[in-house]
Amino acid sequence: MVIRKENHKQDGKIMTKDKVLAMLINTDSYMSGELISEELGVSRAAVNSAVKSLRSEGYIIESCTNKGYKLISRPDRLSSGEIEAIVGPERMANVVVLDSVDSTNKKLKELGYSGCPSGTVVIANEQTGGRGRLGRSFLSPRDCGIYFSILLRPDTAPSDTGSITAWTSVAVAEAIQKSTGIEPGIKWVNDLVVNNHKICGILTELSVESESMRIDNIVIGIGLNVSNKITDFPEELRSTASSLASEYPDKIGRLNRSAIAAQMIIRLDQLIADWPHNSERYLKRYRELSVTCGKEVNVIPIGSSSEPSEGRKGKALSINDDFSLKVQYEDGSISDLSSGEVSVRGLYGYA
Ligand code: BTN
């Protein structure tokens, strides 16, 4: 497996390219090559070479004598430079952008063992072994999704982290809304859906210190389908899975994965600052975005081999304060469901 680090600090050429791109994105007018080279402390030749390399990747950069360079249009790429233009250079010190990796969660867990700080992020343009919940795989083709993991080091006991994935679904929904104008719904407990189709899944993994039983770190992995065509999904997933572009064809060509990823960083940084004290805000937003409440549902015990149609039927009533789901079954009995025990599927479609 070849991993190309796009923002590897030792690779000065790549760093310069990302920095030049970040500067051009943040300037509406022309920017002289001289000014860029002064600001970045690199030679004019290095700036020229960075511009050449960006053009070869599909960035349209106009150059004008005595005025300099201007960015006219850009391809949808996940790149350090584009993310940096939004979150700033300091934040990028703990963001690793990879072209391809087996799993961003796995990669970040390795970085976690070597002591990386809370808030470290790994983002990839492709995963060759993307992991989903319950040991499933997560389809992660190149150039059309965002495969994103963030590491947290909260000073809490494992039992206190039950709602962190639900908080994350709120943060990611808000990031998508801010960067694309599309407001996804949340299917209990943590899938993001658009038009009854799943567009994003979240996998949270805990590392616990065996002596103290305290958390060493939490890795939250987020897989977002952005521009996949419906035919990119295996036939058996087409009725349940989709992407932002497939659900909003008018947005095709206008969805920018770097802009979405940058908003994810911003919202998840806020989540880290809010955790665990600001639950009310996340709960309120979660309830507003929930597409499960009020629906007829099938409740399927996790680990059971039953078909969704064989689950226990009921109606989702409300989200409790701990993000568990209140369900009324057909016999009138009421239960509070926790995410670890059951999965819930709509009777008329996925959500
Ligand atoms: C699910 O819906 O089952 C959860 C899917 C989580 C997928 C993401 S993609 C980024 C991170 N790395 C992984 O290997 N998995 C998560």
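Refer to the structure presented above.
What comes next concerns the included structure. None of these values were measured; they are calculated from a predicted model. (Residues numbered from 1 in each chain as written. Predicted model: local features only at pLDDT ≥ 70, side-chain atom pairs only at ≥ 80, totals over all residues. Heavy atoms only, no water.)

1. Comments concerning the site of the ligand
So, point 1. Close to the ligand lie 18 residues; Ser103, Gln127, Arg131, Arg133 and Lys198 are nearest.
So, point 2. The separation between a nitrogen atom of the ligand and a polar side-chain atom of Gln127 is 2.9 Å.
So, point 3. Between the ligand and Arg133, the relevant distance is 2.7 Å, taken from an oxygen atom to a main-chain nitrogen or oxygen of the residue.
So, point 4. Out of a free accessible area of 410 Å², the ligand has 97% covered by protein chains.
So, point 5. Of the residues forming the shell around the ligand, the biggest block, four residues, is contributed by strand S8 (residues 197-208).
So, point 6. Its residues assigned to classes, the shell around the ligand shows five nonpolar, ten polar and three charged. (Near = heavy atom within 4 Å. Polar contact = N/O pair within 3.5 Å; in protein donor to acceptor, adjacent residues only side chain to side chain. Areas by Shrake-Rupley, 256 points an atom, 1.4 Å probe, with all protein chains shown as cover. Helix = DSSP H or I, 4+ residues; strand = E, 2+ residues; numbered from the N terminus. Nonpolar A, V, L, I, M, F, W, Y, C, P; charged D, E, K, R; others polar.)

2. Thoughts on the side chain of Asn320
So, point 1. As for its placement among the helices and strands, Asn320 is situated in the loop between strand S11 (312-319) and strand S12 (325-329).
So, point 2. By relative accessible area, Asn320 is classed as buried at 15%.
So, point 3. Sequence-distant contacts of Asn320, defined by excluding residues within four places in its chain, comprise Leu283, Arg287, Leu325, Lys326 and Asp336. (Buried < 20%, exposed > 50% of the residue type's maximum accessible area, 1.4 Å probe, protein only. Contact = heavy atoms within 4.5 Å.)

3. Side note on the packing of aromatic side chains
Two numbers describe a pair of aromatic rings. These are the distance of the centres and the angle of the planes.
So, point 1. For the coordinates displayed, the defined rule picks out three aromatic pairs.
So, point 2. Measuring from ring centre to ring centre gives 4.8 Å for Trp167 and Trp275, while their planes differ by 70 degrees; the resulting arrangement is edge-to-face. Taken together, the residues span a long stretch of sequence, with Trp167 in helix H7 (residues 164-180) and Trp275 in the loop between helix H9 (257-274) and helix H10 (279-289) at a distance of 108 residues. The pair formed by Trp167 and Trp275 is uniform in burial state, with each residue classed as buried.
So, point 3. With a centroid separation of 5.2 Å and 90 degrees between ring planes, the pair formed by Tyr286 and Phe323 is classed as edge-to-face. Within this pair, whereas Tyr286 is found in helix H10, its partner Phe323 is found in the loop between S11 and S12, the two being separated by 37 residues in sequence. (Phe/Tyr/Trp six-rings, centres within 6.5 Å; stacked < 30°, edge-to-face > 60°.)

4. A word on the pattern of salt bridges
Opposite charge on two side chains permits them to pair, given that their charged atoms come into close proximity.
So, point 1. According to the stated counting rule, one finds 23 salt bridges in the structure shown.
So, point 2. Note that Glu205 and Arg131 form a salt bridge whose closest N and O atoms lie 3.2 Å from each other. Within this pair, whereas Glu205 is found in strand S8, its partner Arg131 is found in the loop between strand S4 (121-124) and strand S5 (145-152), the two being separated by 74 residues in sequence.
So, point 3. Using a relative accessible area of 17% as the deciding quantity, one classes Glu205 as buried.
So, point 4. Residue classification places Arg131 among the partly exposed positions, given a relative accessible area of 33%.
So, point 5. Between Lys198 and Asp191 there is a salt bridge, with the nearest N and O atoms lying 3.4 Å from each other.
So, point 6. Assessed through its relative accessible area of 9%, Asp191 is described here as buried.
So, point 7. A network of salt bridges, in which partner residues are shared, links Glu174, Glu183, Arg267, Arg281, Lys284, Arg285 and Glu288. (Salt bridge = Lys/Arg side-chain N within 4 Å of Asp/Glu carboxyl O.)

On their own, these measurements won't tell you what the molecule is for.
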